[in-house]
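Letter by letter, the chains look like this.
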2 protein chains.
Amino acid sequence: MSTQPAAATFLTTDVLQEHWLGHRALTRRVIEAFPEDKLFTFSAGGMRTFAQLATEMLQMIAPTMKGLLEDVWEAGGYGQPGPTTKAGLLASWDEADRLLESSLARVPAERYHQVANAFGMWTAPAFATVLYLIDNEVHHRGQGYVYLRLLDIAPPLFYERPSLMPKGTDEAA
Amino acid sequence: MSTQPAAATFLTTDVLQEHWLGHRALTRRVIEAFPEDKLFTFSAGGMRTFAQLATEMLQMIAPTMKGLLEDVWEAGGYGQPGPTTKAGLLASWDEADRLLESSLARVPAERYHQVANAFGMWTAPAFATVLYLIDNEVHHRGQGYVYLRLLDIAPPLFYERPSLMPKGTDEAA
């Protein structure tokens, strides 16, 4: 006997949008925290620069929005050369935010539970692809925190995200 | 006009459990990848060791399970000294996994949407606290990847998680 039906809701589509945009806002602040040259040149342990990591995150947004809206899962744009200046990277970041916000509001909720072959890379329900994008961003952003610490720059606080405290709760507590 | 009702489901409680345990399994492999001494001594940029980061993740599980099951949100155990050996850390990790698995199966789904003051630290619906724990783990695990790279050790592949491909999909694709 269980009080929990099989398909009980943990997260709604509304909260997903707020959560995702909150993560993206924090990542934007991490990009901003890098000095222009270090953003494109610094890394540790032979890894990619933070500009390269952010470009990867960025280039997954448009194809994923197309997949969610049209059920067409193509890699379009992913892996191409990214912005070459901090201002350009931030402008592309903001553009992707606007695309994400306007798109998510129109995704039919049932789409998240449809299985698709995403970008020729994996076959999974769309929600798993969305979770992958968010996890990938948090993972690589955490690496950016180490880069900043190695550069003796204090990164933004991880828990200062607009999405952590959903609207209507007591943010002062 | 929208095809998406306000409370449409993005993620079910069943998938949450699979997703979370999948992340914990990957983090376990990151702990395993560290040589015993480096786990407890190595860090970069003045940050905490990976043993300290993993202990933080670990010590949030039991209080969160108590909160989800009993609606009692106390910090019990968090911040105390953690395991001092790799075997001890892995054993505690496995114990927390068992607690997590047995607890999540019994959490009333409505609990996730109740607002609570968690550990005296923030006031939010329980789902936001759960998301915070997962995000915190992914964030710090990403930092562990940098530590491993700096130690010239190849970390496990980020996308090799049992949870990425939910059961029943074509994992070979």
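In this text the structure is predicted, and so the values were computed from the model without any measurement.

About the criteria used
Residues numbered from 1 in each chain as written. Chains lettered and ligands numbered in written order. Predicted model: local features only at pLDDT ≥ 70, side-chain atom pairs only at ≥ 80, totals over all residues. Heavy atoms only, no water. Helix = DSSP H or I, 4+ residues; strand = E, 2+ residues; numbered from the N terminus. Buried < 20%, exposed > 50% of the residue type's maximum accessible area, 1.4 Å probe, protein only. Areas by Shrake-Rupley, 256 points an atom, 1.4 Å probe, with all protein chains shown as cover. Phe/Tyr/Trp six-rings, centres within 6.5 Å; stacked < 30°, edge-to-face > 60°. pLDDT = per-residue confidence, 0-100. Contact = heavy atoms within 4.5 Å. Pairing = 2+ DSSP bridges. Salt bridge = Lys/Arg side-chain N within 4 Å of Asp/Glu carboxyl O. Expected span 1.5 Å × (residues − 1). Arc of directions from axis to C-beta. Axes fitted to C-alpha atoms, helices over the stretch in contact; angles between N-to-C directions. Parallel < 35°, antiparallel > 145°, perpendicular 65-115°, else oblique. Left-handed = near helix turned anticlockwise from the far one by under 90°. Nonpolar A, V, L, I, M, F, W, Y, C, P; charged D, E, K, R; others polar.

## Considering the overall build of chain A
Part 1 of the argument: Each helix and strand in chain A was counted, giving six helices and three strands.
Part 2 of the argument: Counting from the amino terminus, chain A carries its helices and strands in the arrangement β-α-α-α-α-α-β-β-α.
Part 3 of the argument: In chain A, which comprises 173 residues, the share counted as buried stands at 55%.
Part 4 of the argument: For chain A, the accessible area works out to roughly 7200 Å², and carbon and sulfur atoms hold 54% of it.

## Here we look at the packing of aromatic side chains
Part 1 of the argument: Overall, the coordinates contain 16 aromatic pairs over all chains when judged by the stated rule.
Part 2 of the argument: Both rings, one in A:Phe10 and one in B:Tyr112, keep their centres 5.1 Å apart while their planes meet at 90°; by these two values the pair is edge-to-face. In this pair, A:Phe10 sits in strand β1 (residues 9–12) while B:Tyr112 sits in the loop between α5 (86–104) and β2 (115–118), so the two residues belong to two different chains. Each member of the pair, A:Phe10 as well as B:Tyr112, is classed as buried.
Part 3 of the argument: Taking 6.5 Å as the distance between ring centres and 85° as the angle between the ring planes, the aromatic pair formed by A:Phe127 and B:Phe10 counts as edge-to-face. Here B:Phe10 lies in strand β1 (residues 9–12) and A:Phe127 lies in helix α6 (residues 126–150), a pairing that spans two chains.

## Remarks on unusual backbone geometry
Part 1 of the argument: The residue A:Asp152 is not glycine, and still its phi comes out positive at about 65°.
Part 2 of the argument: Considering the arrangement of structural elements, one finds A:Asp152 in the segment after α6.
Part 3 of the argument: The residue B:Asp71 is not glycine, and still its phi comes out positive at about 60°.
Part 4 of the argument: Along the chain, B:Asp71 turns up in the loop between α4 (61–70) and α5.

## Some details on the confidence of the model for chain A
Residues and elements named next belong to chain A.
Part 1 of the argument: With 89% of its residues at a pLDDT of 70 or more, chain A has an overall mean of 89.
Part 2 of the argument: Note on residues 1–6: pLDDT under 50 across the span, and twelve contacts to partners over four residues away in sequence or across chains.
Part 3 of the argument: Note on residues 166–173: pLDDT is under 50 here. Beyond four places in sequence and across chains, it has 16 contacts.
Part 4 of the argument: Taken together, the chains of this predicted complex give a pTM of 0.91 and an interface ipTM of 0.91.

## Details of the pairing of strand β3 (residues 122–125) of chain B
Residues and elements named next belong to chain B.
Part 1 of the argument: Summarising the sheet, β2 and β3 pair through four bridges and their orientation is antiparallel. Across the sheet, residue Ala116 finds its bridge partner in β3, namely Ala124.
Part 2 of the argument: The antiparallel hairpin formed by β2 and β3 contains three residues in its connecting segment, where Phe119 sits at a positive phi of about 60°.

## Some points on the pattern of salt bridges
All names here are of chain A.
Part 1 of the argument: Per the counting criterion, the structure on display carries ten salt bridges over all chains.
Part 2 of the argument: Residues Glu32 and Arg28 are paired through a salt bridge, measuring 3.3 Å at the closest nitrogen-oxygen approach. Of this pair, Glu32 and Arg28 are both found in helix α1 (residues 13–33), four residues apart, which corresponds to roughly one turn of the helix.
Part 3 of the argument: Take Glu32: its relative accessible area is 38%, and that puts it in the partly exposed class.
Part 4 of the argument: Residues joined by salt bridges that share partners form a network here, namely Arg28, Glu32 and Asp94.

## Considering α4(B)
Part 1 of the argument: Residues B:Ile61, B:Pro63, B:Thr64, B:Met65, B:Gly67 and B:Leu68 constitute the buried set of α4(B).
Part 2 of the argument: Just downstream of α4(B), B:Asp71 is the residue with a positive phi angle, here 60°.

## Focus on helix α5 (residues 86–104) of chain A
All names here are of chain A.
Part 1 of the argument: Between the first and last C-alpha of α5 there are 27 Å, a value that for 19 residues agrees with the 27 Å anticipated at 1.5 Å per step.
Part 2 of the argument: Looking at α5, one finds that the buried residues are Lys86, Leu89, Leu90, Trp93, Ala96, Asp97, Leu100, Ser103 and Leu104. Seen end-on, α5 carries its buried residues on one side only, within an arc spanning 155°. Residues Ala87, Glu95 and Arg98 are exposed on α5 and point more than 90 degrees away from its buried face.

## Description of the environment of B:Leu133
All names here are of chain B.
Part 1 of the argument: With respect to the secondary-structure elements, Leu133 resides in helix α6 (residues 126–150).
Part 2 of the argument: Owing to a relative accessible area of 5%, Leu133 belongs among the buried residues under this scheme.
Part 3 of the argument: In contact with Leu133, not counting residues within four places along its chain, are Trp20, Met60, Ile61 and Thr64.

## Observations concerning the packing of helix α3 (residues 50–59) of chain A against α6(A)
Residue and element names in this part refer to chain A.
Part 1 of the argument: Contact geometry of α3 with α6 gives a least axis separation of 10 Å together with a crossing angle of 165°. In this view, α3 runs roughly antiparallel relative to α6, as classed from their interaxial angle. When you trace α3 past α6, the crossing you get is left-handed. When α3 is examined against α6, the residues Phe50, Leu53, Glu56 and Met57 are found in contact with a partner set consisting of Asn136, Glu137, His140, Arg141, Gln143, Gly144 and Tyr147.
Part 2 of the argument: Here the residues of the contact of α3 with α6 sort into four nonpolar, four polar and three charged.

## Overview of the packing of helix α1 (residues 13–33) of chain B against helix α3 (residues 50–59) of chain B
Residue and element names in this part refer to chain B.
Part 1 of the argument: Taken N-terminus to C-terminus, the directions of α1 and α3 make an angle of 155°; their axes are 11 Å apart at the nearest point. With respect to α3, the element α1 is oriented roughly antiparallel. α3 is crossed by α1, and the crossing has left-handed handedness. Facing α1, whose interface residues are Arg24, Thr27, Val30 and Ile31, α3 presents Phe50, Ala54, Met57 and Leu58.
Part 2 of the argument: Considering only residue class, the contact of α1 with α3 consists of six nonpolar, one polar and one charged.

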